[in-house]
Amino acid sequence: MTENNKKKKGSSRRKFLVRTAIGTGVLLGTGYLTRHIWRRTIFTEVDKGESPYLGDAATPGIWFEVTPENEVILYSPKVEMGQGTHTGLAQIAADELEIDIEKITVRHAESVSTNVDPFATGGSTSIMGLFQPLRELSATMREMLKNKAAEKLGVAATSLAVANGVISGGGKSITFGEVVDGVTDWEVPDVPPLKAMKDYKYIGKPVARVDLHDKVVGAPIFGMDASLPGMLFGSVCRSEKIGAKYVGADTTAAENMPGVVKIVKEKDFVGVVAKSYQEAENAKNAIEVEWKVERNWTSQDIEEMIEVGKGKPVVIQKEGKAKRILNNEEGIISSEYKSPLGAHAQLEPNGALAHVEGEKATVYISTQVVKITQGEVADRLGIATENVNIKPTFLGGGFGRRLHTPNAIQAAVLSKAVGKPVKCFFNRKEEFQNDTFRPPTHHLMKAKLSDDGKIEAIEHNVSSGDVMFGSALIPVDLSGFLGADVGAWRGGMFQYKAIPNHRAVSWRVKLPFATSWWRSLGLLANTFAIESFMDELSISAKKDPVQFRLDHIQDDLAGNRLKNVIKACAEKAGWKDGAEGNRAMGFAASTDASTPVAQIAEVSVEGNQIKVHKVTCAMDPGISVNPDQVKAQIEGCIIMGISASMFEKMYVEDGSLAPTIYGPYQMAQMRHAPKEIDVVLLQGVDKPGAVGEPPIGPIGAAIANAVFRITGKRLREMPLEIS
Amino acid sequence: MKISFTLNGTAQSVEVAENTPLLWVVRDVLDLKGTKFGCGKAACGACTLHVDGEAIRSCSYPIKMVEGKNITTIEGLSSGDSLHAVQQAWKEEIVPQCGYCQPGFMMATAAMLDKIPNPTDEDIDKNIQNICRCGTYYRMRKAIHRAAEIKAAEASDS
Ligand code: FES
Ligand code: FES
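Residues numbered from 1 in each chain as written. Chains lettered and ligands numbered in written order. Predicted model: local features only at pLDDT ≥ 70, side-chain atom pairs only at ≥ 80, totals over all residues. Heavy atoms only, no water.

Quick word on the overall build of chain B
- If you tally the helices and strands in chain B, you get five helices and five strands.
- In sequence order, chain B lays out its α and β elements as β-β-α-β-β-β-α-α-α-α.
- Relative to its length of 158 residues, chain B is compact, with a C-alpha radius of gyration of 15 Å against a globular reference of 15 Å.
- Its C-alpha atoms give chain B principal-axis dimensions of about 45 × 35 × 25 Å.
- Relative to its 158 residues, chain B shows a buried fraction of 57%. (Helix = DSSP H or I, 4+ residues; strand = E, 2+ residues; numbered from the N terminus. Rg over C-alpha atoms; globule rule 2.2 N^0.38 Å. Buried < 20%, exposed > 50% of the residue type's maximum accessible area, 1.4 Å probe, protein only.)

What to know about empty space enclosed by the protein
Residue and element names in this part refer to chain A.
- Applying the stated criterion to the full structure yields ten cavities of 30 Å³ or more.
- The computed volume of the largest cavity comes to approximately 520 Å³.
- Lining the largest cavity are 39 residues, with Gln83, Thr85, Ser124, Gln633 and Gly692 positioned closest to its centre.
- Mapped by element, the contributors of at least two residues to the lining of the largest cavity are α2 (85–97), α3 (126–153) and α17 (627–646).
- The residue inventory of the lining of the largest cavity, partitioned by class, reads 13 nonpolar, 24 polar and two charged. (1 Å grid on protein atoms, 1.4 Å probe; cavity = no way out; pocket = protein on both sides within 12 Å on 5 of 7 lines; lining within 4 Å. Points joined across faces, edges and corners; volume = space filled by probe spheres on them. Nonpolar A, V, L, I, M, F, W, Y, C, P; charged D, E, K, R; others polar.)

Points about the interface of chain B and chain A
- Taken together, the contact pairs 48 residues of chain B with 59 residues of chain A.
- The largest per-residue losses of area from chain B upon contact with chain A belong to Gln97, Arg133 and Tyr138 of chain B, which jointly make up 20% of the total buried on that side.
- The tally of links between chain B and chain A comes to five salt bridges.
- The salt bridge involving arginine 139 of chain B is made with glutamate 635 of chain A; its shortest N-O contact spans 2.8 Å. (Contact = heavy atoms within 4.5 Å. Buried area = accessible area lost by both parts, 1.4 Å probe. Salt bridge = Lys/Arg side-chain N within 4 Å of Asp/Glu carboxyl O.)

Section: the domain arrangement of chain B
All names here are of chain B.
- The assigned domain composition of chain B is domain 1 (2–76) and domain 2 (85–157).
- Using C-alpha coordinates to define each centre, domain 1 is positioned 21 Å away from domain 2.
- Listed as interface residues are 17 residues of domain 1 and, on the opposing side, 13 residues of domain 2.
- Buried surface at the junction of domain 1 and domain 2, both sides included, amounts to about 1,200 Å², of which 58% is carbon and sulfur.
- Viewed at the interface, domain 2 and domain 1 are joined by one salt bridge.
- A salt bridge links glutamate 54 to lysine 115; the shortest N-O distance between them is 3.3 Å. (Domains from an automatic or database assignment.)

What to know about the domain arrangement of chain A
Residues and elements named next belong to chain A.
- Looking at chain A, the domain boundaries give domain 1 (31–217), domain 2 (223–293 + 350–425) and domain 3 (300–343 + 436–711).
- Each side of the interface is counted separately: domain 1 has 18 residues, and domain 2 has 20 residues.
- A combined buried area of about 1,400 Å² lies between domain 1 and domain 2, and 59% of that area is made up of carbon and sulfur atoms.
- The interface formed by domain 1 and domain 2 holds one salt bridge in total.
- Lysine 391 serves as the salt-bridge partner of glutamate 110, at 3.2 Å between the closest nitrogen and oxygen.
- Taken together, the residues of the side of domain 1 that touches domain 2 break down into eight nonpolar, five polar and five charged.

Focus: the side chain of asparagine 526 of chain A
Residue and element names in this part refer to chain A.
- Note on placement: asparagine 526 falls in helix α14 (residues 523–540).
- Looking at asparagine 526, the relative accessible area reads 1%, which means it is buried.
- In this structure the side chain of asparagine 526 is engaged in a polar contact, spanning 2.9 Å, whose partner is the backbone oxygen of arginine 490.
- Not counting chain neighbours up to four residues away, the residues in contact with asparagine 526 comprise His443, His460, Val462, Ala488, Trp489, Arg490, Gly491 and Gly492. (Polar contact = N/O pair within 3.5 Å; in protein donor to acceptor, adjacent residues only side chain to side chain.)

Side note on unusual backbone geometry
All names here are of chain A.
- In this model, alanine 658 is joined to proline 659 through a cis peptide bond whose omega is -5 degrees.
- Its place among the elements puts proline 659 in the loop between β27 (656–658) and β28 (676–681).
- Following methionine 718, the chain continues to proline 719 via a peptide bond in cis, the omega torsion being -5 degrees.
- Relative to the elements of secondary structure, proline 719 occurs in the segment after α18 (699–711).
- Phi at alanine 345 takes a positive value of approximately 55 degrees, unusual for a residue other than glycine.
- Note that alanine 345 resides in the loop between β15 (332–339) and β16 (351–357).
- According to the relative accessible area criterion, alanine 345 is buried, its value standing at 3%.

Observations concerning the confidence of the model for chain B
- This prediction gives chain B a mean pLDDT of 97; 99% of its residues lie at or above 70.
- Taken over the whole predicted complex, pTM reads 0.93, whereas the ipTM for its chain interfaces reads 0.98. (pLDDT = per-residue confidence, 0-100.)

Notes on the pattern of salt bridges
Residues and elements named next belong to chain A.
- Going through the model one piece at a time under the given rule, you end up with 51 salt bridges over all chains.
- Measuring nitrogen to oxygen at the nearest pair gives 3.2 Å for the salt bridge that ties glutamate 693 to arginine 490. Of the two residues, glutamate 693 sits in the loop between β28 and α18 while arginine 490 sits in the loop between α13 (479–482) and β22 (501–509), which places them 203 residues apart along the sequence. One exposure class covers both glutamate 693 and arginine 490, and it is buried.
- Salt bridges here are not isolated pairs; linked through shared partners, they connect Glu80, Arg209, Asp211 and Lys215.

Some points on the side chain of glutamate 65 of chain A
Residues and elements named next belong to chain A.
- Summarising the element assignment, glutamate 65 is placed in strand β3 (residues 61–66).
- As a buried residue without a salt bridge, glutamate 65 has its nearest oppositely charged side chain in arginine 107, at a separation of 5.1 Å.
- Side-chain polar atoms of glutamate 65 contact the side chain of tyrosine 75, separated by 2.6 Å. (Lys, Arg positive; Asp, Glu negative; His and termini not counted.)

Things to note about the environment of glycine 53 of chain B
- Its location among the elements puts glycine 53 of chain B in the loop between β3 (48–51) and β4 (54–57).
- Note on glycine 53 of chain B: relative accessible area 38%, which makes it partly exposed.

Brief notes about the packing of aromatic side chains
- For the structure shown, the criterion picks out 14 aromatic pairs over all chains.
- Seen from their ring centres, tyrosine 337 of chain A and phenylalanine 528 of chain A are 5.7 Å apart, and the 85 degrees between their planes marks the pair as edge-to-face. Of this pair, tyrosine 337 of chain A sits in strand β15 while phenylalanine 528 of chain A sits in helix α14, placing them 191 residues apart in sequence.
- Owing to a relative accessible area of 0%, tyrosine 337 of chain A belongs among the buried residues under this scheme.
- By relative accessible area, which is 1% here, phenylalanine 528 of chain A ends up buried.
- Cluster of aromatic residues (ring-pair linked, three or more members): Tyr277 and Phe425 of chain A together with Trp24 and Phe37 of chain B.
- Seen from the ring of tryptophan 518 of chain A, arginine 438 of chain A lies directly overhead, with NZ or CZ sitting 4.5 Å from the centre.
- A cation over a ring is seen here: arginine 714 of chain A above phenylalanine 708 of chain A, with NZ or CZ 4.3 Å from the ring centre. (Phe/Tyr/Trp six-rings, centres within 6.5 Å; stacked < 30°, edge-to-face > 60°. Lys NZ or Arg CZ within 6 Å of the ring centre and 35° of its normal.)

Some words on the packing of helix α3 (residues 102–115) of chain B against helix α5 (residues 137–157) of chain B
All names here are of chain B.
- Remark: α3 packs on α5, axes separated minimally by 11 Å, with the N-to-C direction vectors making an angle of 40 degrees. Judged by the angle between their axes, α3 and α5 are oblique. Where α3 crosses over α5, the handedness of that crossing is right-handed. Residues Gln102, Phe105, Thr109, Met112, Leu113 and Asp114 of α3 form the contact with α5, whose own contacting residues are Tyr137, Met140, Ile144, Ala147, Ala148 and Lys151. (Axes fitted to C-alpha atoms, helices over the stretch in contact; angles between N-to-C directions. Parallel < 35°, antiparallel > 145°, perpendicular 65-115°, else oblique. Left-handed = near helix turned anticlockwise from the far one by under 90°.)

In structure tokens, the structure reads:
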């Protein structure tokens, strides 16, 4: 193996690494980008959505492998959880490498290859963070191949052309696969100029997902599908009670049950390994565990904790004198809103298959945090981090649910105890009760209108359980440093910056169970409150709600992008204020991670049944690398948002979280999905922006605003119910 | 106990506890992973497969009930190289996101189309009661109508 690092000059800070291995062709890797201090990272990540790939400069990772069959394997640092990232990355690589996308296979990078993202896959950052570096990397790789082809063919590199993985010129040609054969000395050139956007064959086009075939034939691609010879099944006892601490267990009854291989007692848990899943579950249920429970929590306890005024306040946005103006009781309009505790409810339960052999461990897992999982397993087993290889699989849904991976640790401990591979996963009840929930929220909105029907001052107080704090993603406790939980207030600031006096305050509450990231973090709840209130204000001001919003948006890039989506949405939907019979449109808009979104929901009410017939959505994510997948994300967000704002609610009963099964935890099904979803994509900046979360923002408010027009009832609490 | 049945056209015999859910026999004994575990309580449909042509939720279907029956899973839905009409339509409409729920939906749809070749939206709402967290219902509905067309065209060709 030869390593060749060359320092780059000028604007590029990237360092490249090349390795050649006999039989597998060339591996081009890189480690790059300066380190960011956590605070800046968190703020830009969550607020503006500027999200550079946080590569680990010390250990360059492998990106490409060229096979002798002239195929390119692209090792993705980001996991695929349905958001289409692998497809987007394949498009980007294919265009700059000059190879057909069919010849690119995208695989998840494993933690030993060091190309995994040290942060996480999430926050709508994958494509926007990798768009520039991956284009540069691919173009550099293409030039390296071309230069080497020139040597091999005896033709000047300048007279060579590259098309679909074949380099030709001077009457000769050679494939990428042939070029890499036997080469050990690679020279890394400066990053060549990138193609113009208009010259791309894949970027910007609605290319079919690269994982489409596997997903329609039921290929075994998920963590749950992983399997190894001699694999056993593990199951770990968990308490139903909130805050329960493991004390000890009587395992006598379980020991001789059919299929049981071993009962494993650890300081913090007890589990069983058996020959089949059923046998493991049966034996687990026969173990008598002693738990220490300090308090029998109820839903009422939680509701009281979450009220604005109870937690710790931090001002997160301030312009003008909103507080002073709104202190004066006269002419103040105010409203309260609420959102419930929400579950991720992703279809694939969390689990892992671990195989511990001596000082080495291999873990197959659906995780959004490969590096964190690796470190946690290594710590628990007391082995070196580099001896733990995490093999990320496709995720059966992510949405922030796979930022905590205790199953990896438990599967590894059980595997070590029996010396065999062990698969261990939550049953559905455990999945619901051990979720890292979307926290409940309480919002207090206040405003004052001026005589000309404009907002003179507005204030948003939001109280929420933690989202970022306590997350495994944040290596140290930043709560003292940041004050307000940046996840909880996502979407909680005003995007209407032309309002002369505006102020937002985030109240932090620590709940007795884990709350964390849930697709879009606080955006869904905060937008529900702000955009419902904007609707109320427009009615008080006797203004058209769409125009009312336009009237309060400032003239800058963000403002203009927002205005453009609002106008495009209204035009596309044929916006009409007011009900026709039992049907009406409702409007709402939000800006998340710099991506503005406007939505109009066409809703009917029959009895107390709310039905969403059509949703029109205009969004400006900058460059849409794959417009079809951007649309898919918008459709998914709208439907998940309908589900969360119309049906879903977790509660606490007798010290336990409930419900614990789909059905009682009601979610949108086929019959609740709008039959029409009309999407308009705008491009207000020339780079890709956030896609996977922003479009979940407006939907709850858009529906509630439509319901008000039909019934005259203002629904201020999710899930939306007409009583 | 020993149970014999046909799985995707091949005769199979397994020796398992009689109340073992069919899902785990298919996934872990016979190693076909296309049929998914979502809830284990007949509440999500991820485990849907066909027993004698009927869509059933295999997580809640004891193995003893399949003696002598014909089971089809997603792996057996297509014949040879050509995909089943439902899979073709799913590809055309680019339905899957994470993909985890999709085999269950495709199996439910295939069984419905055998009974209702040209389903209305109401038929779809009534018969397709699985859960998709990624929210692919909008494309699924289009794909179901499209699958009905493909199936009709295939029938008139043969
Ligand atoms: S796993 Fe069978 S219905 Fe959910
Ligand atoms: S595609 Fe992810 S659950 Fe349906």
